[in-house]
Amino acid sequence: HCHAVLEAKAAATSELKISVSAEYLAEQETASFDCVVLSFVMCEIPEYQKVPEDVLRVLKPGGCCIFAEHIGAPVGSLTRKFQDQVSGAWCFCTDGCNLNRHQKSY
């Protein structure tokens, strides 16, 4: 059903917005997106290390990536200690968000 709706919209306009979960970028065709927007999703994706490579692959030449993400505070800081203490409950209550994931992992 969804593909038929997308195809109809694509035929009716030169502009089409498609929403795909970052987890499923690997299933998308190479060079098929003008722009990829990632907003606060990397904390929830189990295999998040693959996402940057997939983004680069699916972007058309000259395409853009808009990226906004929260990260774990510096190790040893008071904020990080708080993040580490509440991380388990936070992850459970927010459907998988890892509050203290290290930014260099991206």
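Conventions and cut-offs
- Residues numbered from 1 in each chain as written.
- Predicted model: local features only at pLDDT ≥ 70, side-chain atom pairs only at ≥ 80, totals over all residues.
- Heavy atoms only, no water.
- Salt bridge = Lys/Arg side-chain N within 4 Å of Asp/Glu carboxyl O.
- Helix = DSSP H or I, 4+ residues; strand = E, 2+ residues; numbered from the N terminus.
- Buried < 20%, exposed > 50% of the residue type's maximum accessible area, 1.4 Å probe, protein only.
- Core = buried A, V, L, I, M, F, W, Y, C linked by side-chain atoms within 4.5 Å.

## Observations regarding the pattern of salt bridges
Turning to step 1, where the next piece is worked out: By the definition in use, this model includes three salt bridges.
Turning to step 2, where the next piece is worked out: Here Lys-60 ties to Asp-34 by a salt bridge, and the two come within 3.3 Å at their closest N and O atoms. With Lys-60 in strand S2 (residues 59-68) and Asp-34 in strand S1 (residues 33-39), this pair connects stretches of sequence that are 26 residues apart.
Turning to step 3, where the next piece is worked out: With a shortest N-O distance of 2.7 Å, Glu-47 and Lys-50 are connected by a salt bridge.
Turning to step 4, where the next piece is worked out: For Glu-47, a relative accessible area of 47% puts it in the partly exposed group.

## Some details on the nonpolar core
Turning to step 1, where the next piece is worked out: Counting residues in hydrophobic clusters, the biggest one holds twelve residues: Ala-22, Leu-25, Phe-33, Val-36, Leu-38, Met-42, Ile-45, Tyr-48, Val-51, Val-55, Val-58 and Leu-59.
Turning to step 2, where the next piece is worked out: Among the elements of the structure, S1 and helix H2 (51-58) are those that each provide at least two residues to this core.

## Points about the environment of Asp-95
Turning to step 1, where the next piece is worked out: Along the chain, Asp-95 turns up in the segment after helix H3 (78-93).
Turning to step 2, where the next piece is worked out: Separated by 51 residues in sequence, Asp-95 and Glu-44 place their C-alpha atoms 7.6 Å apart.

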